[in-house]
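# Observations on the three-dimensional arrangement
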Amino acid sequence: MKHISAEKTRRHLREALVGVVAASACSAGISALLAQSSSVKTQPAAKTAAGSGTTADPFKTSVQPFLSGHCYGCHSGDVPMAGLNLAVFTSGAMAEKKPDVWGKVLDKLKAGKMPPPGQPVPAKAEMTPAMGWMEGFLASVNSGKVFDPGRVTARRLNRVEYDNTIRDLLGVGGHPSKDFPVDDSGYGFDNNGDILSVSPLLMEKYMAAARSISQRAVFGNPFPAKPGNLIRLLNRRSPDADDVLQAGNAGIWLPYSLRGAMYGNWTFPVDAEYEFRLRVANFRGDTSDVVETPEEKEKRAEERRKNFAALRSARQKGLASGAEAPGPTPEQLKARDEAARKAAPPRKLILAVDGSPILTSVVEGNGSYGYSNGELTARVKVKAGEHFLRASFPELADLADPQSNINPDKRRGLFVDYLEIVGPYNASTEPPASYKKLFICGHAPGGHNSQCARIVVSNLMERAWRRPVTQQELAAKLSLVAIVQKDGQSFEEGVRLAAQAILSSPDFLFRIERDPKPVLVTPAAAVTRPAGHYVDDYELASRLSYYLWATMPDDELYTVAKTGKLRQPEVLEAQVRRMLASPKSQNLVDNWASQWLQLRNLGRTKPDPKRFPNVDDELLDAMRRETSLFVTEIVQKDRSLLDFIDAPFTYLNGPLARHYGIAGVDGEEFQRVTLDGERRGGVLTQGSILTVSSYPTRTSPPVRGKWVLENLLGAAPPPPPDNVPALNDSNIGTEISMKERFAQHRRDPSCSPCHNVMDPIGFGLENYDAVGRWRDADGKFPIETTGQLPGGKTFTGSKGLKEILRARSDEFVHNVTVKMFTYALGRGLEHSDDPTVDSIVQSLKARNYKFSSLVLEVVRSKQFQMRSGDAAKNTSTEIAKK
Amino acid sequence: MTFIQKKQLHRRTFLGGAGAMLGLPLLDAMIPALGRSAVSGSPTRMAVLYFPNGVQPDSWIIPTTAESMSLPDKFPRTLQPLEMYRNDICLVGGLTVDGGRAKGDGPGDHGRAGASYLTGAHPKKTFGKDLQAGESMDQHAARALSGATRYASLELGTEEGIQGGNCDNGYSCAYSNSISWRTPNTPNPPEIRPRAVFERLFGAGEVERDPAVRARKQRYEASVLDSVLGDAKRLERALGPTDRGKIDEYMTAVRDIEMRIQGTEKQNAKQAVPSMDAPPDSVPENYVEHTRIMFDLMMAAFQTDSTRIVTFLMNIEQSNRAYREIGIADSHHGLTHHGGDKEKIEKCIMINRFQVEQFAYFIARLKAAKDGDGTLFDRTMVTYGSGLGRDHDHDNLPLVLTGKGNGLFNLGRRLQYAKDTPLANLHVAMMDKMGVQVEKFSDSTGKLGYLSNL
């Protein structure tokens, strides 16, 4: 016990002890985190329990009786539950051979999951020494005597990594992975080597993608020989239709915008001119579709019928007699149009590609959707690849109430009806950019000599596989070029086929790391050096680039790896800082932060459009963007991790600022906004988080409480028991306040242990409704945000909650570190990683919690730079048996 | 009329017992009971072509005073493109879709016209989710004949349907988006993207007609699979057990694909190959191109016997399309509410005539398309018409028949039926020719007479 990580051990003990005191099936972990009990820290339990006694075997005296009394009932015999036989451990020496077992047992005990509900709860006097032994033993394992850097399983590229890698490798965009099945995630992230698998369906998609990508890379994107209508972008299935509103599935095709905007990405096949054709639907200044009573409706319909019949018969008579047909005169029609035009203000329309306007117009009022005005068109040059298109009415961003763009019949008064892209005109005849990336031997197309194949294919292989290739590997792929050429096909087609094979290969699809001795770990060696090996520089470069950029190493990083100097501390740090400053580090925000904060769930179930009619897809996108820009500033400006809890700034545009009730922010563009810290500041007060932690119809204090515990403090409460009935929420706000309803709930002893912690936290955020708007009352009941945590500490509102979180910054930073480490390593953390996490947390404090220091500490860790050999038990004979 | 009781052996039933014996030729017993005696070697096909917004009276309707059943020397303006095919068409007047009439529901003739044309139903006025029309004739026949071909029916169109609620005075857009209805509540909207139709019929990817090229491409695919399996085996030797587990997964998946490719190779020898290439992956903006490619797809489907029933919505009912191809920038529907404006009427006629020109192309193609010992023209029943008549009404509908339909249609003349003869009587006659007997369909009063004889 030379290097016990004191902080960590204390924490575990604290949890263990409080867990015993609480003696419940739930709250061991979380009450410990929030209880204000400093006395626990000084408990000497660790020494007495775990100290390697000189006279007796503490395992026999402290642990075995406990196991025999509470565990052997299920976990012994020929067919033990969960395959775990605890009765085989008859001595400390035997027990110490299986640290993993004790890690799991300790986890179950601490989480209150064992003994299972219904079984007698162990007495404190039994449990404390048993858990104490496990703590002490695991701490000694972790103390460096048997350092294990961990082993990440060969990681398959996930969809984001695949797309990014193809883009950087060949310049082929357009999200080739969009048809792939969704990647599973483990430990909260979708880059987990153990979880990511290859199904036959996915393999088929990989084969098809490799065929299509190689084709496009060599011969360019296919596009029609003659200009044609390439795409018609529509606001399909919008809530304009009553039935869709009821079904709650608005905006399936393109995001639905109350303000009539249309936006999305589209991939242009070739450098060329494209014609954009846009039609505006414009039905303003007319209220004839107001909702009427059935009687009124019938009456009006009857009048219309009569008028219609009269007009028809008059016209037929008139036509028969050769006279002028009756009906409104052209003058009358003109006057009607003019009145409709004046009834609504003219609005500016802008169509922009990647933010640059290519078409502007002014739309005047109209009483009949104005389709007869036809389309607006613009023809511009566009580079091949993906571009962001947005057609909108910027003035509408500042509508005080977006519902003013909604007519009584629920349709929008003004919106972009469709956008068509026609082309390509005057398409470039240059080979695509990808061609130049591929055919590097400098000859004109068709003029390649025999040496080219070797140069071109080996270059592609090295970049695609992210390492130098052997002559044997190269020869195997060159033989494909030869097969094609023997058939009399072109050299380019040969390279294409080789490229298809290179992109379908496991060497591309997996991030393979090679072990010098793949199978065996020699514990004896661990005495003098770690039981693992450093990954080579190429593997380290891939670890870095997939961690920070979610893509392959760029030329600079790869070149540094080639020199063999990447592991030198100053070289490594320079590369990390360069990579964080690059726009590609946006991937860290989009993948790490958004999964950590569970932002990918935002919009999966949309806020109820009946209760929150102003929350359209565009506003949800704005919420996402606020958090993304906020986190991006923390990453790129190297701010403190504590800014996540509270920060005096955020990013807003006109609609989101109005949603929050913040004045002085106008327009569609996002801008940095300084906050006074009263109502807003930090992720907890951002609409994205507040919405994702609510139900579609209302807030849920326990859900928000759980969100804070799980994502900020790393202390997720266990799931509720299966037989919990749903909360009766039908009369909240009308007959009973939310607070009273939950107080009733907490009186149930099976609920109280967890809810006593979750609920007060959630109530502290009750000033924000289910879509993140500020409120002072819920229905007829005023909001009451003062709460008491177990241990007696009281606080009020989000400010009070944030103070508590700041006071517990150690736990918050510990949790952020765990999330970052998990993502960076692509594996779940184990007990053996605890000391490293603890030491990172310690060192961050001294560096003011700067974001870059977290990343650098992670990158410097042995876990990130090393890899242990595989466990020896799983030998090749076992595999062969499969 | 009596029901034919002879039991038809369902092809799927047969396959169920025969296990993997796919690709067998149709057995005689599987051809619909009565249809067989009528088809004389090659099956009868049916194509219903629909154009929206009705016609202008003087430019289409031939005065009804003449008793003669012969065609006039000079065709009305809209029909002039058909003059050179006078012996290949039959001009029909007098048929009515009563279900399209208002019946107290007020305006909304476009919505009713589309939804009633093949169903005969009087659609329920709603733009909510409680749609109610009727099963359409093509779908009734398709259901009865299902299993005879790979696809029971094909629905084609040239204009994207309008999504959302109210399209025509309280009628859901669904009513004007589809003429085909699978059930009274389920419209069967058309596909407008030629590529999607092609891929559905003949599979995705490029079609390679040359067997040598096809074989070569398959050889290349196989060598890619070999090559990556080689990579996987090399890795397997070099990796530890958990990593090797992942590579094993990969190898299993690759072998799975290998087996499937070998299976396809065997099938390929028999697979029908269409007479056309895969169309580009975009929707043609030119109406001529768009309709022609859809006609070509229709014929490819018939020739490979992929389906025998096609409906083609040559723009949705109440279409607002502007026909820039012939210099008309106004919306078609807007023009038809011309209020007597001569210029607008003229434009309407130009549009109607332009569409008839496309129809004429189809006649020519049908006549040139070989089918067994004859042509597709001999085997196919084609109707070209609209559910709207002259003044947004539903009687004396414009209708042209073409194709001999294995003897059902006697061409080169015109037929004027008594006022208010249900169009459904024609549906009954056409379904009957396909081998689908119904005593009554919607408001039919019998099988439409005089089609084959004088």
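Residues numbered from 1 in each chain as written. Chains lettered and ligands numbered in written order. Predicted model: local features only at pLDDT ≥ 70, side-chain atom pairs only at ≥ 80, totals over all residues.

## Observations regarding the overall build of chain B
Within chain B one finds 14 helices and 13 strands. Long-range contacts, defined here as pairs at least 24 residues apart, represent 69% of the contacts in chain B between residues at least 6 apart. (Helix = DSSP H or I, 4+ residues; strand = E, 2+ residues; numbered from the N terminus. Contact = placed C-beta atoms within 7 Å.)

## Examining the overall build of chain A
When helices and strands are counted, chain A shows 33 helices and 18 strands. Taken across its 882 residues, chain A has 44% of its residues classed as buried. Expressed as a percentage of contacts within chain A between residues at least 6 apart in sequence, the contacts between residues at least 24 apart total 73%. (Buried ≥ 20, exposed ≤ 12 C-beta atoms within 10 Å, placed from the backbone.)

## Things to note about the sheet that holds strand 4 (residues 272–282) of chain A
Residue and element names in this part refer to chain A. In spatial order, the strands read 2-9-4-7; together these four strands make up an open sheet with antiparallel pairing. Each edge of the sheet is formed by a strand with only one pairing partner; in this case those strands are strand 2 (228–234) and strand 7 (376–382). Across the sheet, the axes of successive neighbouring strands diverge by a mean angle of 25 degrees, strand direction being ignored. Bridge count for strand 4 against strand 7 is seven bridges, and the pairing is antiparallel. Paired with Arg277 across the strands is Thr377, a residue of strand 7. (Pairing = 2+ DSSP bridges. Axes fitted to C-alpha atoms, helices over the stretch in contact; angles between N-to-C directions.)

## Regarding the nonpolar core
In this structure, Ala541, Leu544, Ala561, Met820, Ala824 and Val858 of chain A are the most contacted members of the largest nonpolar core, which totals 87 residues. Take this core: its biggest share by element is nine residues, from helix 29 (residues 809–825) of chain A. With 77 residues, the next largest nonpolar core counts Leu71, Phe75, Leu82 and Met434 of chain B among its residues. (Core = buried A, V, L, I, M, F, W, Y, C linked by C-beta atoms within 7 Å.)

## A short note on the sheet that holds strand 12 (residues 399–402) of chain B
Residues and elements named next belong to chain B. Across the sheet, which stays open at both edges, the seven strands sit in the order 3-8-1-11-12-2-13 with mixed pairing between neighbours. The sheet terminates laterally at strand 3 (154–157) and strand 13 (413–422), the two strands that pair on one side only. Neighbour-to-neighbour, the strand axes of this sheet turn through a mean angle of 20 degrees, independent of strand direction. Direction of pairing for strand 3 relative to strand 8 (residues 309–313): parallel, over a ladder of four bridges. Note that in strand 8 the partner of Glu155 across the bridge is Thr311. On the sheet, helix 14 (residues 424–434) packs against strand 1 (45–50), strand 2 (89–96), strand 11 (380–385) and strand 13 and is oriented at approximately 120 degrees with respect to strand 13.

## Focus: the environment of Phe302 of chain B
All names here are of chain B. Within the fold, Phe302 resides in helix 10 (residues 287–303). What makes Phe302 buried here is the crowd of 25 C-beta atoms within 10 Å. Sequence separation between Phe302 and Thr149 is 153 residues, and the spatial gap between their C-alpha atoms is 9.9 Å. Apart from residues lying up to four places away in sequence, Phe302 is in contact with Arg45, Leu376 and Thr380.

## Quick word on the packing of helix 10 of chain B against helix 12 (residues 342–368) of chain B
All names here are of chain B. Running from N to C, helix 10 and helix 12 point in directions that differ by 30 degrees, and their axes come no closer than 10 Å. Between helix 10 and helix 12, the angle falls in the class roughly parallel. Crossing hand, helix 10 versus helix 12: right-handed. Along the contact surface, helix 10 presents Val288, Thr291, Arg292, Phe295 and Met299, while helix 12 presents Gln358, Tyr361, Phe362 and Arg365. Looking at side-chain class alone, the contact of helix 10 with helix 12 contains five nonpolar, two polar and two charged residues. (Parallel < 35°, antiparallel > 145°, perpendicular 65-115°, else oblique. Left-handed = near helix turned anticlockwise from the far one by under 90°. Nonpolar A, V, L, I, M, F, W, Y, C, P; charged D, E, K, R; others polar.)

## Description of unusual backbone geometry
Residue Pro424 of chain A is reached from Gly423 of chain A by a cis peptide bond, and omega for that bond is -10 degrees. Located in the positive-phi region is Arg466 of chain A, a residue other than glycine, with phi close to 65 degrees. Here Arg466 of chain A is to be found in the loop between helix 14 (450–465) and helix 15 (471–486). Here the phi dihedral of Asn53 of chain B falls at roughly 70 degrees; this positive angle occurs in a residue that is not glycine. Mapped onto the elements, Asn53 of chain B comes out in the loop between strand 1 and helix 3 (57–60). Judged by C-beta crowding, with 28 C-beta atoms within 10 Å, Asn53 of chain B ranks as buried.

## Some words on the pairing of strand 9 (residues 414–425) of chain A
All names here are of chain A. Where strand 2 meets strand 9, six bridges bridge the pair, whose relative direction is antiparallel. Paired with Leu234 across the two strands is Tyr418, which belongs to strand 9. Here strand 4 runs beside strand 9; their pairing, made up of nine bridges, is antiparallel. Among the inter-strand pairings, Leu278 is bridged to a residue of strand 9, identified as Leu419.

## Side note on the confidence of the model for chain B
Residue and element names in this part refer to chain B. Predicted confidence across chain B gives a mean pLDDT of 82, with 83% of residues reaching 70 or more. Counting contacts from residues 1–40, a segment whose pLDDT is below 50, to residues more than four positions away or on other chains yields 35 contacts. Segment residues 267–271: pLDDT under 50, and three contacts once partners within four positions in sequence are set aside and those in other chains are kept. (pLDDT = per-residue confidence, 0-100.)

## Some details on helix 31 (residues 851–860) of chain A
Residues and elements named next belong to chain A. Within helix 31, seven of the ten residues are buried, which leaves the element mostly enclosed by the surrounding structure. Here helix 31 has its buried residues at Phe851, Leu854, Val855, Leu856, Glu857, Val858 and Val859. The inward-facing, buried residues of helix 31 contact helix 18 (537–548), helix 20 (569–581), helix 22 (617–636), helix 29, helix 30 (834–846) and helix 32 (862–865).

## Quick notes on the environment of Thr307 of chain B
Residue and element names in this part refer to chain B. In this fold, Thr307 is placed in the loop between helix 10 and strand 8. For Thr307, a count of 21 C-beta atoms within 10 Å corresponds to the buried category. The sequence separation of Thr307 and Ala142 amounts to 165 residues, and the corresponding C-alpha distance is 9.2 Å. Not counting chain neighbours up to four residues away, the residues in contact with Thr307 comprise Thr149, Tyr151, Ala152, Ser153, Leu154 and Ala301.

## Quick look at the packing of helix 26 (residues 738–746) of chain A against helix 27 (residues 752–763) of chain A
Residue and element names in this part refer to chain A. For the pair helix 26 and helix 27, interaxial distance at closest approach is 10 Å and the crossing angle is 165 degrees. Comparing their axes, helix 27 and helix 26 come out roughly antiparallel. Classified by chirality, the crossing of helix 27 by helix 26 is left-handed. Along the contact surface, helix 26 presents Lys739, Phe742, His745 and Arg746, while helix 27 presents Ser752, His755, Asn756, Asp759 and Phe763. Of the residues contributing to the contact of helix 26 with helix 27, the split by class is two nonpolar, four polar and three charged.

## What to know about the confidence of the model for chain A
Residues and elements named next belong to chain A. Here chain A shows a mean pLDDT of 81. Residues at 70 or above account for 82%. Taken element by element, chain A is modelled with least confidence in helix 1 (residues 6–22), mean pLDDT 35, and with most confidence in strand 12 (residues 649–652), mean pLDDT 98. Contacts for the low-pLDDT stretch residues 236–252, under 50 throughout, to residues beyond four places or in other chains number 43 contacts. Segment residues 518–530 is flagged for pLDDT under 50; beyond a separation of four residues in sequence, or across chains, it makes 27 contacts in the model.

## A short note on the environment of Glu513 of chain A
All names here are of chain A. If you trace the backbone, Glu513 turns up in the loop between strand 10 (510–511) and strand 11 (532–534). A tally of 23 C-beta atoms within 10 Å means that Glu513 is categorised as buried. Here the alpha-carbon distance between Glu513 and Ala154, two residues 359 residues apart in the chain, equals 6.8 Å. Beyond its immediate stretch of four places on either side in the chain, Glu513 contacts Val535, Glu539 and Arg867.

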